[in-house]
Amino acid sequence: MKMPQIKFSKWFQWNERTKIGNIDLPGVYLLAKFKKIPKGNADATDEHIIYIGETCDQTLKKRLYQFNNSAFRDKRGHSGGWSYKSTFRDKGDDLYVAVLPVRLPDNLRHLFIRYVERKLILEFALKYSSQPKLNKK
């Protein structure tokens, strides 16, 4: 088996996240704040990225729901959501999301997802001398 390609979706405005294809799969996701949305597929080293996250055992849809609950509804479930709330204190009007859904056998999926998340955080940190603003670990 070959290493899967790391190719994210295009950027979706936060309130349109349920329109993203294949979010019923686990995977990796990017959150960014833009004044003007870039065209094409998301670049995981874009300077506007504020969070790189993953979910191995649940769907992207559920994990994004948990982020939303923490960031905008004061509910537990996502530490990045709490960090968003305390850092930005806004309604997410300029928040965008892109996803990398992962369709691999169970025994490989979690390894690939965690690898991609860590790889992207490191690449971001090497480029900008720090990890994305909301990534704490």
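Higher on the page you've got the structure.
The structure contained in this document is the topic of the report that follows. What you are looking at is a predicted structure, and each value in this text was computed from that prediction instead of being measured. (Residues numbered from 1 in each chain as written. Predicted model: local features only at pLDDT ≥ 70, side-chain atom pairs only at ≥ 80, totals over all residues. Heavy atoms only, no water.)

### Comments concerning helix α3 (residues 106-128)
- A rise of 1.5 Å per residue sets the reference length of α3, with its 23 residues, at 33 Å; its end C-alpha atoms lie 34 Å apart and thus fit the reference within 8%.
- On the buried face of α3, the contacting elements are β2 (27-33), β3 (49-55) and β4 (95-101).
- In the stretch just after α3, S129 is the one whose phi turns positive, near 65°. (Helix = DSSP H or I, 4+ residues; strand = E, 2+ residues; numbered from the N terminus. Expected span 1.5 Å × (residues − 1). Contact = heavy atoms within 4.5 Å.)

### So, the nonpolar core
- Grouped together as the largest cluster of nonpolar side chains are 22 residues, with contacts concentrated most on F8, W11, V28, L30 and L120.
- At the level of elements, β2, β3, β4 and α3 are the ones that each hand at least two residues to this core.
- The biggest single contributor to this core is α3, with six residues.
- For L30, the residues in contact, after removing those within four places along its chain, are F8, W11, A42, A44, I49, Y51, I52, Y96, V97, A98 and L120.
- Core analysis: the next-biggest nonpolar cluster, separate from the first, contains 17 residues, I50, L64, L95 and V97 among them. (Core = buried A, V, L, I, M, F, W, Y, C linked by side-chain atoms within 4.5 Å. Buried < 20%, exposed > 50% of the residue type's maximum accessible area, 1.4 Å probe, protein only.)

### So, the sheet that holds strand β1 (residues 12-13)
- Reading across the sheet, the four strands line up as β1-β4-β2-β3 and stay open at both edges, with antiparallel pairing between neighbours. Edge strands, defined here as strands with exactly one partner in the open sheet, are β1 and β3.
- Here six bridges tie β2 to β3, and the two strands are oriented antiparallel to one another. In the sheet register, Y29 faces β3, and the bridge partner there is G53.
- Against the sheet, α3 makes contact with β2, β3 and β4, and its axis sits at roughly 165° relative to β3, the strand it touches most. (Pairing = 2+ DSSP bridges. Axes fitted to C-alpha atoms, helices over the stretch in contact; angles between N-to-C directions.)

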